[in-house]
Amino acid sequence: MRKIAIILLIIFLNTGCSVFLNHEKRKTPLFDNSTIADLSERIKSQDISSNNFFIEKAVIRISGPDGTQKFLGSLKFEKPDKYLISLKSTTGIEGMRIYISEDSILINDRINKKLYTGNSQDIMKRFGIPGSFIPVLFGDYISSDRGDNLEPKCKEGKLALNEGVNGLKVHYVMDCNKAKALSIGIENSFDLLSIQLTYEKFFEKGNCLQAGIINVVDKNRHISIRVQIDKIQLPWEGKIEFIPGNRYELVKLL
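Quick look at the structure, then. (Residues numbered from 1 in each chain as written. Predicted model: local features only at pLDDT ≥ 70, side-chain atom pairs only at ≥ 80, totals over all residues. Heavy atoms only, no water.)

**Comments concerning the environment of Asn 51**
Inference 1: Looking at the secondary structure, you find Asn 51 in the loop between helix H2 (36-45) and strand E1 (53-64).
Inference 2: Overall, Asn 51 belongs to the partly exposed group, its relative accessible area being 31%.
Inference 3: Here the alpha-carbon distance between Asn 51 and Pro 235, two residues 184 residues apart in the chain, equals 6.0 Å.
Inference 4: With sequence-adjacent residues up to four places away left out, Asn 51 is seen in contact with Phe 77, Lys 79 and Leu 234. (Helix = DSSP H or I, 4+ residues; strand = E, 2+ residues; numbered from the N terminus. Buried < 20%, exposed > 50% of the residue type's maximum accessible area, 1.4 Å probe, protein only. Contact = heavy atoms within 4.5 Å.)

In structure tokens:
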């Protein structure tokens, strides 16, 4: 279950806005002398969670004290809060199917024939983040009501924003031209959760700019993750359906 926790924290942290990735360079910047209000509006307009989407193929490589593991994965998102994640071996055999909503989680462990169940409190206790926090992991910008960022300013083309979301500290470094996060740091008050995300190989389709590769460092567990998004659909018109494993052992997620 520990590997599940790691994967749930980092898998599919950001996606693109085309059916196939195409690493194109943006010829003109999104921002020149734009106001902070305009900057904020353009950042929000590129949030991936503003649309339904389907990541058809992603390659996830996890490196840590126990060596390196490689997975294939897919993810479906249906607004406002439904996620369906499939994790497969490199040979294409599905090992787990994970359903997450704001208040529940269900995990089909196909290898061990177990069905793990939990609610929103279980998600927070087990994984350190609430279900509603997942868009932040995608790279979306979620602001707080604390007033810390009333007068942010771009310096050398970058904008630093510090937010509090569901008891977690989120430190954004935004590219003022791209209107996208270059890095995001996540931590809690007790330093029990410390994750650094960086984004690279941005590409553009239409008016949407996203990162094709996400690098994650879990400082406490000494684990690094690389996520490469190879194929997606956005927008996606389908519906999420989770079917519990037939005759699987029912296990409470603790």
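**Focus on empty space enclosed by the protein**
Inference 1: Tallied over the full model, the rule gives 3 cavities of 30 Å³ or more.
Inference 2: Computed from the structure, the second largest cavity encloses a volume of approximately 40 Å³.
Inference 3: In terms of lining, the second largest cavity is formed by Ile 43, Asp 47, Gly 139, Asp 140, Tyr 141, Met 174, Ala 179, Lys 180 and Ala 181.
Inference 4: Of the residues that constitute the lining of the second largest cavity, the class distribution is 5 nonpolar, 1 polar and 3 charged. (1 Å grid on protein atoms, 1.4 Å probe; cavity = no way out; pocket = protein on both sides within 12 Å on 5 of 7 lines; lining within 4 Å. Points joined across faces, edges and corners; volume = space filled by probe spheres on them. Nonpolar A, V, L, I, M, F, W, Y, C, P; charged D, E, K, R; others polar.)

**Topic: the packing of aromatic side chains**
Inference 1: This structure, assessed with the given rule, holds 5 aromatic pairs.
Inference 2: With 6.0 Å between their ring centres and 40° between their planes, Tyr 99 and Phe 242 make a pair best called tilted. Of the two residues, Tyr 99 is situated in strand E4 (residues 94-100) and Phe 242 in the loop between strand E12 (223-233) and strand E13 (249-252); the sequence distance between them amounts to 143 residues.
Inference 3: Assessed through its relative accessible area of 14%, Tyr 99 is described here as buried.
Inference 4: Here the aromatic residues Phe 53, Phe 77 and Tyr 83 are joined through ring pairs into a cluster of three or more.
Inference 5: For Lys 76, the ring lying beneath its charged end belongs to Phe 54, and the centroid distance is 5.1 Å. (Phe/Tyr/Trp six-rings, centres within 6.5 Å; stacked < 30°, edge-to-face > 60°. Lys NZ or Arg CZ within 6 Å of the ring centre and 35° of its normal.)

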